[in-house]
Amino acid sequence: MSFAIRSIVKFINFQSAFLKTYHNNYSFQGDFALSKFKFRKNAEIGKLEAETDSFLKACFYKSDVFKGIVDFDSSEKNPDFTRRIIVGRTGSGKTALLKQIVSSDQVKVHDTIEAENTVFEHINNNIFISDLINKGIDLRVFYKSLWLHVLLAKVINQLYRSSYDSFFEYIKSLIKTEKKPYKPEVANEYLEMYKGNFFNDNAFLEITERMQDQLSGEMNIGLIKIGGLANDDTTIKIQTATSSYVSKELLRKQKELIKLIKCEFSNEKQVRIVISIDDLDKSWLSTSAIRYDFINALLEAFKELLDIKSVKILISIRTDIIMGIYKNSLRQDEKDQSLIYAISWNKIEIRSILDNRINHLVQNQYQSTKVVKFSDVFNFKVLGEPADEYIISRTMLRPRDAINFVNLCLAECDGKVDLNEDIVLEAEEKFYSVRKVALVKEWKSIYSHIADYLDALSFLKEKFFKISDVPEQIKDRALNYLINRPNDQPNDEEHNNRILDFDQLMKVWFTVGVIGIKKSSTLTIYSSFEKPELDITDLTKSFEVHPLFFRH
């Protein structure tokens, strides 16, 4: 064989070996084992926070909730038109949903309300309001009037796009017109009263000062100068005067202004406006004694504007917070059913989210032209179970959980190691720690001892069980563990009952999602907005410890 021929053969053999290695490690064409793809260290399928998630726009899953909210059809064809309260647990995608809604082509104008920097800051820092609260005065109607002012200012600002002065003049001109289904003179009276500050945050101070002056005059006392708690007679007088003033001078006039806006400005079919509120679960509110009154007042206020068809006021709120409002008997949950979109996900939807994100990662960072699914990359077994199923079953069926778990798996790669069983198991340990901390943070405002309740779950030795089948010594060990834990709230009657009653502890475990009702071999029902807690009739059923929290 000539030298030239031998050289050609060597080149062909080298090229063949190179292409084989390339295909095995980097290519997604044909029937190659996709799990052999070697991801770079710190590759990820998106960020956990919607605000910084660069994958969100390209990979967003348009759920029924999304489609319902961007639909402004107010006819009977759209029975979900009034649903504006977006309720979901931590990581369920509330912020991501809002972000995509406001960027939708179906929404023409968007504005936001920062609750912390508007109403709450004023309530929290105003001496007069603090004095009334300390005297035991119920200020819920006053909070509602403040929220109504905020909402009205935002709605008017978006519906009436000309100058503020021309708006005030236009309202004045309506007084001399033919009879209307509203009282323009009353609406104008409210506008004129706060004209100088109507569209800025100083309006809250002016509204409060006017009420303070009125009440101080009527009572012939300076309320702020009264030290300590008022006596019963004084409290009743202050409460009556406060409620009367708010009803007559604020709510009555605000409602007439709403009627006016509905009649004069809300018939623009092409104007589709979204005003969103998405900071009601932040730390600044979770420690406040008035948090439930404050949020409940918002929920009451926004309902007054539902008839303004071209504007949707969207309120994003965590499940545990609205449960706290119901628990404190501030409102009836059945009356909110037509207003609420409860976010929940099933395994098919979570898988679709992961499919989109895995494919986006591969196509954009690894120049693949083939559509790659989640199961293509995680196509191996973990403890005898398909890896993709193993991962999804250990999330709490929330997008953030799924993204986090997969990111933790990818973080173990370094461009050399294949995804494998050990990587998933190691990632699971880290994911468990993160998820447990998140659960404690999510539920601590309702269950102050939630961390101990979660730890007590470890005493259950069977993944599937009935309460009647759990040995008494196991129940006693779990309860004794709780009894011996530090208790800085000895007067918490509900906690004191739980540490003596295993059934009550079961109810907490179900509500927070670490156990579910085992209905069949393929169906386990975990808590949801529609079924947040166990009924007494559930206690005889079969249960399953959530796979992530069964540690044996």
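Below: a short report on this structure. (Residues numbered from 1 in each chain as written. Predicted model: local features only at pLDDT ≥ 70, side-chain atom pairs only at ≥ 80, totals over all residues. Heavy atoms only, no water.)

### A few points about the sheet that holds strand β5 (residues 340-342)
Then, number 1: A sheet is described by the order of its strands in space; here five strands give the open sequence β2-β3-β4-β1-β5, paired in parallel fashion. Among the strands making up the open sheet, the edge pair consists of β2 (109-112) and β5. Neighbour-to-neighbour, the strand axes of the sheet open up by a mean angle of 20 degrees, direction not taken into account.
Then, number 2: The pairing of strand β3 (residues 273-277) with strand β4 (residues 311-318) spans five bridges and is parallel. By the bridge assignment, Ile273 is partnered in β4 with Val311.
Then, number 3: Running over the sheet, helix α7 (residues 140-159) touches β2, β3 and β4 and is turned about 150 degrees from β3. (Pairing = 2+ DSSP bridges. Helix = DSSP H or I, 4+ residues; strand = E, 2+ residues; numbered from the N terminus. Axes fitted to C-alpha atoms, helices over the stretch in contact; angles between N-to-C directions. Contact = heavy atoms within 4.5 Å.)

### Some remarks on helix α8 (residues 164-174)
Then, number 1: Listing the buried residues of α8 in full gives Phe167, Phe168, Ile171 and Leu174. All buried residues of α8 lie within an arc of 115 degrees about the axis, which places them on one face of the element.
Then, number 2: Residues of α8 that are buried sit in contact with α7, α9 (184-193) and α11 (232-265). (Buried < 20%, exposed > 50% of the residue type's maximum accessible area, 1.4 Å probe, protein only. Arc of directions from axis to C-beta.)

### As for the pattern of salt bridges
Then, number 1: In the structure shown here, the tally under the stated rule is 36 salt bridges.
Then, number 2: In this structure, Glu494 and Lys327 form a salt bridge, with 3.0 Å as the shortest nitrogen-oxygen distance. Residue Glu494 is located in helix α22 (residues 493-498), and its partner Lys327 is located in helix α14 (residues 319-327); the two are separated by 167 residues in the primary sequence.
Then, number 3: Note on Lys327: relative accessible area 43%, which makes it partly exposed.
Then, number 4: Between Arg485 and Asp452 there is a salt bridge, and its shortest N-O distance comes to 3.0 Å. Here Arg485, found in the loop between α21 (472-483) and α22, pairs with Asp452, found in helix α20 (residues 450-456); they are 33 residues apart in sequence, far enough to count as distant.
Then, number 5: In this structure Arg485 comes out as partly exposed when scored by relative accessible area, which is 33%.
Then, number 6: Because the salt bridges share partners, they merge into one network encompassing Arg89, Arg398 and Glu442. (Salt bridge = Lys/Arg side-chain N within 4 Å of Asp/Glu carboxyl O.)

### Section: the packing of helix α18 (residues 399-411) against helix α19 (residues 421-443)
Then, number 1: Remark: α18 packs on α19, axes separated minimally by 8 Å, with the N-to-C direction vectors making an angle of 135 degrees. In terms of axis orientation, α18 runs oblique to α19. Crossing of α18 against α19: the hand is right-handed. Across from Asp401, Asn404, Phe405, Leu408 and Cys409 in α18, the residues of α19 making contact are Ile423, Val424, Ala427, Glu428, Lys430, Phe431, Val434 and Arg435. (Parallel < 35°, antiparallel > 145°, perpendicular 65-115°, else oblique. Left-handed = near helix turned anticlockwise from the far one by under 90°.)

### Structural notes on the nonpolar core
Then, number 1: In this structure, Phe39, Phe142, Trp147, Phe378, Leu419 and Trp509 are the most contacted members of the largest nonpolar core, which totals 175 residues.
Then, number 2: Looking at this core element by element, the count peaks at 12 residues for α7. (Core = buried A, V, L, I, M, F, W, Y, C linked by side-chain atoms within 4.5 Å.)

### A few points about the sheet that holds strand β8 (residues 464-466)
Then, number 1: Taking strand neighbours across the sheet as the criterion, the four strands line up as β8-β11-β9-β10 in an open arrangement whose pairing is antiparallel. Bordering the open sheet on either side are β8 and β10 (524-525), each of which pairs with just one other strand.
Then, number 2: Sheet analysis places strand β9 (residues 515-518) next to β10, joined by two bridges and oriented antiparallel. Bridge pairing links Ile517 to Ile525 in β10.

### Notes on the packing of α7 against helix α13 (residues 291-303)
Then, number 1: Between α7 and α13, whose axes approach to 8 Å, the crossing angle comes to 55 degrees. Taken together, the axes of α7 and α13 are oblique relative to one another. Relative to α13, α7 is oriented so that their crossing is right-handed. In this structure, α7 contributes Arg140, Tyr143, Lys144, Trp147, Leu148 and Leu151 to the contact, and α13 contributes Asp293, Phe294, Ala297, Leu298, Glu300, Ala301 and Phe302.
Then, number 2: The residue inventory of the contact of α7 with α13, partitioned by class, reads nine nonpolar, no polar and four charged. (Nonpolar A, V, L, I, M, F, W, Y, C, P; charged D, E, K, R; others polar.)

### Re the state of the cysteines
Note: disulfide means a covalent bond formed between the sulfur atoms of two cysteine side chains.
Then, number 1: Going through the model one piece at a time under the given rule, you end up with zero disulfides.
Then, number 2: The cysteine Cys409 is free of any disulfide, with Cys413 supplying the nearest cysteine sulfur at 8.1 Å. (Disulfide = S-S within 2.5 Å.)

### Some details on a negative patch on the surface
Then, number 1: A surface patch of like charges, here negative, comprises Glu114, Glu116, Glu121 and Asp201.
Then, number 2: On the secondary structure map, Glu114 appears in the loop between β2 and α5 (116-125). (Patch = residues over 30% accessible without salt bridge, like charges linked within 9 Å, V, L, I, M, F, W, Y side chains within 5 Å. Areas by Shrake-Rupley, 256 points an atom, 1.4 Å probe, with all protein chains shown as cover. Lys, Arg positive; Asp, Glu negative; His and termini not counted. Charge placed at Lys NZ, Arg CZ, Asp CG, Glu CD.)

### Things to note about helix α6 (residues 127-134)
Then, number 1: When we look at burial in α6, the residues that qualify are Phe128, Ile129, Asp131 and Leu132. Projected down its long axis, α6 carries its buried residues within an arc of 160 degrees, all on one side. The outward face of α6, more than 90 degrees from its buried face, is lined by the exposed residues Ile127 and Asn134.
Then, number 2: One side-chain oxygen at the N-terminal end of α6 lies 3.0 Å from the backbone nitrogen of Phe128; it belongs to Asn126. (Polar contact = N/O pair within 3.5 Å; in protein donor to acceptor, adjacent residues only side chain to side chain.)

### Looking at the pairing of β9
Then, number 1: Of the strand pairs in this sheet, β9 and strand β11 (residues 542-545) are connected by three bridges, and their pairing is antiparallel. What sits directly across from Gly516, in β11, is Glu544.
Then, number 2: Two successive antiparallel strands, β9 and β10, enclose a turn made up of five residues.

### Quick word on the pairing of β11
The side chains of a regular strand alternate between both faces of the sheet.
Then, number 1: In terms of strand pairing, β8 meets β11 through three bridges, oriented antiparallel. Across the sheet, Lys466 pairs through a bridge with Ser542, a residue of β11.

### Some words on the side chain of Thr319
Then, number 1: If you trace the backbone, Thr319 turns up in helix α14.
Then, number 2: For Thr319, a relative accessible area of 7% corresponds to the buried category.
Then, number 3: Those residues in contact with Thr319 that lie beyond four places of it in its chain are Val87, Gly88 and Arg89.

### Re the environment of Tyr61
Then, number 1: With respect to the helices, strands and loops of the structure, Tyr61 is situated in the loop between α2 (56-59) and α3 (64-69).
Then, number 2: When its relative accessible area of 26% is taken as the criterion, Tyr61 is described as partly exposed.
Then, number 3: Here the alpha-carbon distance between Tyr61 and Glu349, two residues 288 residues apart in the chain, equals 8.1 Å.
Then, number 4: The contacts of Tyr61, once residues within four sequence positions are left out, are Trp345, Glu349, Ser352 and Ile353.

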